[in-house]
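# A structural walkthrough
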Amino acid sequence: MVSADDSGDGEVEPDDTLRSFGETVKASRKRAGLTQEQLAPLIGYSVQYVGSVEQGRRHPSRKFISKTETVLDTFGVIDIAAKRLERRRGLASWFRRWAELEEVAVTLNTYECRSIPGLLQPESYARALIDNVPPLATPEEADARVAARMERQKLLFRTPYILFSFIIEQALIERRTGGPEVTRELIDRLLECGRLPNVDIQIMPTVSPEHAGTDGPFQLLETDEHEWLGYTEGQQSGQVISDPKDISLLHQRYAKLRIQALNPADSAGLLMRLRGSL
């Protein structure tokens, strides 16, 4: 029986990772001497599904990956390509380029005023955020998004260390997203991460007459080639910034925010007091 979808995501905007996986499937199919029309019934999928995967327009289902690996006998090539693809599944399309840059970073500075940065979120808080924002995700979509965030958090422990600085608004914790128990888990996670030798967490007090971040959240990243890049994000959009003048402006703002926020030790003290009040 041919499946039209079988739990794979619908068509999406192609990106480099999806295209790369599709090209791997296409090359493997051609090596086996098969057309798309010949491969489709062998793996139980429609010709349209196979074509969409090969063109990088569809996330393949796990069954598709397993069946193509077996039928095309690629000695693990498709499985290896799928592992890289899975690390990107669950990330918003506009964020994937920045996620790739994170993996070659030596320094990452983040100011956030909307929600706790994904690198610091416990699973319960991540799920609460996903459950709050329409359109509501399916269970599979929610699992993929949470898994992608948990995978990214391995960067905190990677060696050689990436140096992380986070400046987070106190109001994000006081909002109690997900309820008191989720907030306790969130604070525990922040305290745990703040004890890492390569991580500084600073809290921006709710009452802050002087505040350099009123234009919104942003990030600054130094690559392993010592190039600085920036990132800003809005509703359904994100932008990687490379213009030196804009990068200089963001550096100035971040330097000011670091002075205005509580230092890491005082921030930890505030977090413990907030936890005690729950």
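Residues numbered from 1 in each chain as written. Predicted model: local features only at pLDDT ≥ 70, side-chain atom pairs only at ≥ 80, totals over all residues. Heavy atoms only, no water.

Right, let's get into the overall build of the protein. From N to C terminus, the protein includes 12 helices and six strands. Along the three orthogonal principal directions, the C-alpha set of the protein runs to about 65 × 40 × 30 Å. With 278 residues in all, the protein has 47% of them scored as buried. Considering only contacts within the protein whose residues lie at least 6 apart along the sequence, 74% involve residues at least 24 apart. By element, 52% of the accessible surface of the protein is carried by carbon and sulfur atoms, the whole surface being about 14,200 Å². Of the charged side chains in the protein, 35 are positive and 41 negative, and the gap between their average positions amounts to 1 Å. (Helix = DSSP H or I, 4+ residues; strand = E, 2+ residues; numbered from the N terminus. Buried < 20%, exposed > 50% of the residue type's maximum accessible area, 1.4 Å probe, protein only. Contact = heavy atoms within 4.5 Å. Areas by Shrake-Rupley, 256 points an atom, 1.4 Å probe, with all protein chains shown as cover. Lys, Arg positive; Asp, Glu negative; His and termini not counted. Charge placed at Lys NZ, Arg CZ, Asp CG, Glu CD.)

The next point concerns the confidence of the model for the protein. For any part of a model where pLDDT is low, the fine detail of the predicted coordinates should not be relied upon. Looking at the protein, pLDDT values average 89 and 91% of them are 70 or higher. Across residues 1-10 the pLDDT falls below 50, and counting only partners more than four positions away or on other chains, this stretch makes 28 contacts in the model. (pLDDT = per-residue confidence, 0-100.)

With that out of the way, let us pick up the pairing of strand β6 (residues 237-241). Bridge analysis of strand β5 (residues 228-234) against β6 gives five bridges, and the strand direction is antiparallel. When the sheet's bridge partners are listed, tyrosine 231 is paired in β6 with valine 240. (Pairing = 2+ DSSP bridges.)

Where helix α7 (residues 123-132) is concerned, the buried positions are Tyr125, Ala126, Ala128, Leu129 and Ile130. Next to the buried residues of α7 lie α8 (139-152) and α10 (180-194).

Here we take up the sheet that holds strand β3 (residues 199-204). Ordered in space as β3-β2-β1-β4-β5-β6, the six strands form an open sheet in which the pairing is mixed. The two strands at the open ends of the sheet, each matched to only one other strand, are β3 and β6. With strand direction ignored, the average angle separating the axes of adjacent strands in the sheet is 15 degrees. Across the face of the sheet, α10 comes into contact with β2 (163-169) and β3 while running at roughly 135 degrees to β3. (Axes fitted to C-alpha atoms, helices over the stretch in contact; angles between N-to-C directions.)

The geometry of a pair of packed helices is captured by two quantities: the angle between their axes and the separation between those axes. Viewed as axis vectors pointing N to C, helix α1 (residues 16-31) and helix α4 (residues 62-72) meet at an angle of 30 degrees, and their least axial separation amounts to 10 Å. Judged by the inter-axis angle, α1 sits roughly parallel to α4. Where α1 crosses over α4, the handedness of that crossing is left-handed. Between α1 and α4, the contacting residues are Phe21, Val25, Ser28, Arg29 and Arg31 on the first element and Phe64, Ile65 and Leu72 on the second. (Parallel < 35°, antiparallel > 145°, perpendicular 65-115°, else oblique. Left-handed = near helix turned anticlockwise from the far one by under 90°.)

Turning to the pairing of β5, a few remarks are in order. Sheet topology places strand β4 (residues 218-223) next to β5; four bridges connect them, and they run antiparallel. Along β5, the bridge assignment pairs glutamate 222 with tryptophan 228. Two successive antiparallel strands, β4 and β5, enclose a turn made up of four residues, where histidine 226 displays a positive phi of approximately 65 degrees. Connecting the antiparallel pair β5 and β6 is a turn made up of two residues, with glutamine 236 showing a positive phi of about 55 degrees.

Right, let's talk about the packing of aromatic side chains for a bit. Here the structure, examined in full by the defined rule, presents seven aromatic pairs. Pairing tyrosine 45 with phenylalanine 64 gives two aromatic rings, centres 5.4 Å apart and planes at 80 degrees, and the pair type is edge-to-face. Of the two residues, tyrosine 45 is situated in the loop between α2 (36-43) and α3 (47-54) and phenylalanine 64 in helix α4; the sequence distance between them amounts to 19 residues. Tyrosine 45 gets classed as buried once you look at its relative accessible area, which sits at 0%. Classification of phenylalanine 64 as buried rests on a relative accessible area of 0%. Between phenylalanine 218 and tyrosine 254 the ring centres are 6.1 Å apart and the planes differ by 80 degrees, which places this aromatic pair in the edge-to-face class. With phenylalanine 218 in strand β4 and tyrosine 254 in helix α11 (residues 244-260), the pair connects residues that are 36 residues apart, well separated along the chain. An aromatic cluster of three or more residues is present, and its members are Tyr45, Tyr49 and Phe64. (Phe/Tyr/Trp six-rings, centres within 6.5 Å; stacked < 30°, edge-to-face > 60°.)

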